[in-house]
Amino acid sequence: MASGRPARPARPGRSRRRGALGAAAALVLLSGCSLVGEGSAPESSQGAGERVPTRVVMVTHDSWALPKRLLRAFETASGYQLVVRTSGDAGALTNKLVLTQGAPLGDVAFGVDNTFASRALDADVFDPAEIELPAGAERLALPDGADRLVPVDSGNVCVNIDTGWFAGHDLRPPRTLDDLADPAYRGLFVAPAASTSSPGMAFLLATIAAYGDAWPDYWTSLMANDTAITAGWSDAYFVDFTQGGENGDRPIVVSYDSSPAFTIGKDGRSTTRALLDTCFQQVEYAGVLAGAANPEGARAVLSFLLSPEVQAALPESMYVFPVREGTALPTEWARFAKRPSAPATLDPADIAAHRDEWLTTWTDVTSR
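Remember, it's a predicted structure, so these values are computed and weren't measured experimentally.

**Student:** Hey, could you run me through the overall build of the protein in this one?
**Tutor:** Secondary structure assignment for the protein yields 12 helices and 11 strands. Relative to its 368 residues, the protein shows a buried fraction of 54%. The long-range share in the protein, meaning contacts at least 24 apart out of those at least 6 apart in sequence, stands at 77%.

Here is the structure:
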């Protein structure tokens, strides 16, 4: 995927659907009502003769995925037909939302992340959300735009390693960003391009957060250490990474803090590990589009995305962490998807102001 979150195929080691997820979905189907907030059904206060919307259109990125049972349950509980329109990656999605501001492609958008949020907010793409956040979500609210963009999920882009490869080669694994430029790891690291990949951009931002104005020097060191750059995350992980399944030859890769939960060996242990000192936090948001034909339906979708059932489904559906406090994680996530205690972050406004400049410099450094 270009510059937004990648469309992620099933990770290596992902062998089965968990029974708990199916049971939760079945429970939702029986109860229905917990998926939307009160008053979100289409019986609105519109005057006589006005047509009440019967559908709600969500614009999202190509990585969108939820169990069909949950979508049907939302439609049953709310009375709306949910129409999903995908628009490329998070970057392409944001660009389209900005270009169609005031005459939107739908009613609600999901998938604008913290690296693109300021652009959408500055362009007045979103109206006030006017819904109550569940416990835990408020900590991921944006400094500017908390009233318009609702946090739905989070994750961290981190360097991952093939633990078995390092054990087999009697080499101490790297731990930090500094280590990746050490000659001991020459030719072992692969990263997706910052210019064409969301995790690639997130990794670039992690280095900018860590090294400040000296980040180009760090990247010069990485490239001198024979770092490989691929167009996207899938190529880096599945083709070049030694645990990707395609006989790759690089045991260090940019991926996610959740990735080790999908590389479980026959012994029940993960064959990979995320380096928690290398991570950059990503948060995905949803909001009501300005000029929406069905703003009440859009708010029903926001409530749906933050419902306990959808939040519980996010890890296995979209490989991200729920924002709702107390949401149980799949067993393998609880064991192997370790999260950094202090991931790198940058002010979304700074990212918006300097993105083009940073990418130009990054392209120059990595093309030498």
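This is not the end of the story, as more comes after the structure.
**Student:** Mind showing me how you'd approach the environment of V157 here?
**Tutor:** Within the element layout of this structure, V157 appears in strand β5 (residues 150-162). Once the C-alpha coordinates of V157 and Q281 are considered, the two residues, 124 residues apart in sequence, prove to be 6.5 Å apart. Not counting residues within four places of it along the chain, the set of residues in contact with V157 comprises P199, A202, F203, V254, S255, Y256, T278, C279, F280 and Q282.

**Student:** Would you mind going over helix α7 (residues 215-224) with me for this structure?
**Tutor:** The periodicity of an α-helix, 3.6 residues per turn, causes residues three or four positions apart to be oriented the same way. Restricting attention to buried positions, one finds in α7 the residues W215, P216, Y218, W219 and L222. Down the axis, α7 shows its buried residues gathered within 155° of arc, on one side only. Within α7, the exposed residues directed more than 90 degrees away from the buried face are D217 and A224. Along its buried surface, α7 packs onto β6 (189-192), α6 (198-211), β7 (228-230) and α12 (348-366). A positive phi of about 65° marks D226, the residue just after α7.

**Student:** Explanation requested: helix α8 (residues 233-240) in the structure shown.
**Tutor:** All buried positions along α8 are accounted for by W233, A236, Y237 and F238. Buried residues of α8 fall within an arc of 160° about the axis and therefore sit on the same side. Looking at the buried positions of α8, the neighbouring elements they touch are β6, α6, β7 and β8 (252-256).

**Student:** I keep staring at the packing of aromatic side chains and nothing clicks. Help me out?
**Tutor:** Describing an aromatic ring pair means giving the distance of the ring centres and the angle of the ring planes. Within the structure shown, the criterion is met by 16 aromatic pairs. With a centroid separation of 5.0 Å and an interplanar angle of 75°, the aromatic rings of W165 and F166 are classed as edge-to-face. Using a relative accessible area of 1% as the deciding quantity, one classes F166 as buried. Ring plane angle 20° and centroid distance 4.4 Å describe the contact between Y211 and Y218, whose orientation is recorded as stacked. Of the residues examined, Y211 reaches a relative accessible area of 23% and is grouped as partly exposed. Cluster of aromatic residues (ring-pair linked, three or more members): W233, Y237, F238, F241 and Y256. Here R339 stacks its cationic end above the ring of F321, 3.7 Å away from the centre of that ring.

**Student:** What is the right way to look at the side chain of T115 in this model?
**Tutor:** When you line up the elements, T115 lands in the loop between β3 (108-113) and α4 (117-122). Other than its neighbours up to four places away in sequence, T115 contacts L205, F280, I351 and R355.

**Student:** Help me out: how do you make sense of the layout of surface pockets in this one?
**Tutor:** One number sums up the size of the second largest pocket: a volume of about 210 Å³. Forming the boundary of the second largest pocket are 13 residues, of which P143, Q281, Y285, T345 and P348 lie nearest the centre. Looking at the lining of the second largest pocket, its residues break down into 8 nonpolar, 3 polar and 2 charged.

**Student:** Just checking my understanding: could you explain the state of the cysteines for this structure?
**Tutor:** Covalent bonding between the sulfur atoms of two cysteines defines a disulfide. Taken as a whole and judged by the stated rule, the model has 1 disulfide. One disulfide bridge connects C158 with C279, the sulfur atoms lying 2.0 Å from each other. Where C158 bonds to C279 through sulfur, the torsion about that S-S bond is close to 115°, and the disulfide is right-handed. A residue pair is termed long-range when its members are at least 10 positions apart, and C158 in strand β5 and C279 in the loop between β9 (272-274) and β10 (280-289) qualify at 121 residues.

**Student:** Got a minute to help me understand a negative patch on the surface in this structure?
**Tutor:** A surface patch of negative charge is lined by D122, D144, D347 and D350. Among the structural elements, D350 can be located in helix α12. On the accessibility criterion, D350 (38% relative accessible area) is partly exposed.

**Student:** Even after reading the chapter, I still don't get the packing of α7 against α12, so can you show me in this structure?
**Tutor:** Any two packed helices are characterised by the angle at which their axes cross and by the distance between the axes. Put simply, α7 and α12 touch, their axes get as near as 9 Å, and they point 30° apart. Between α7 and α12, the interaxial angle falls into the category roughly parallel. Handedness of the crossing formed by α7 with α12: right-handed. Contacts from W215, P216, W219, T220 and M223 of α7 reach α12 at W358, T361, W362, V365 and T366. Tallied by class, the residues present in the contact of α7 with α12 amount to 7 nonpolar, 3 polar and no charged.

Calculation notes
Residues numbered from 1 in each chain as written. Predicted model: local features only at pLDDT ≥ 70, side-chain atom pairs only at ≥ 80, totals over all residues. Heavy atoms only, no water. Helix = DSSP H or I, 4+ residues; strand = E, 2+ residues; numbered from the N terminus. Buried < 20%, exposed > 50% of the residue type's maximum accessible area, 1.4 Å probe, protein only. Contact = heavy atoms within 4.5 Å. Arc of directions from axis to C-beta. Phe/Tyr/Trp six-rings, centres within 6.5 Å; stacked < 30°, edge-to-face > 60°. Lys NZ or Arg CZ within 6 Å of the ring centre and 35° of its normal. 1 Å grid on protein atoms, 1.4 Å probe; cavity = no way out; pocket = protein on both sides within 12 Å on 5 of 7 lines; lining within 4 Å. Points joined across faces, edges and corners; volume = space filled by probe spheres on them. Nonpolar A, V, L, I, M, F, W, Y, C, P; charged D, E, K, R; others polar. Disulfide = S-S within 2.5 Å. Patch = residues over 30% accessible without salt bridge, like charges linked within 9 Å, V, L, I, M, F, W, Y side chains within 5 Å. Areas by Shrake-Rupley, 256 points an atom, 1.4 Å probe, with all protein chains shown as cover. Salt bridge = Lys/Arg side-chain N within 4 Å of Asp/Glu carboxyl O. Lys, Arg positive; Asp, Glu negative; His and termini not counted. Charge placed at Lys NZ, Arg CZ, Asp CG, Glu CD. Axes fitted to C-alpha atoms, helices over the stretch in contact; angles between N-to-C directions. Parallel < 35°, antiparallel > 145°, perpendicular 65-115°, else oblique. Left-handed = near helix turned anticlockwise from the far one by under 90°.

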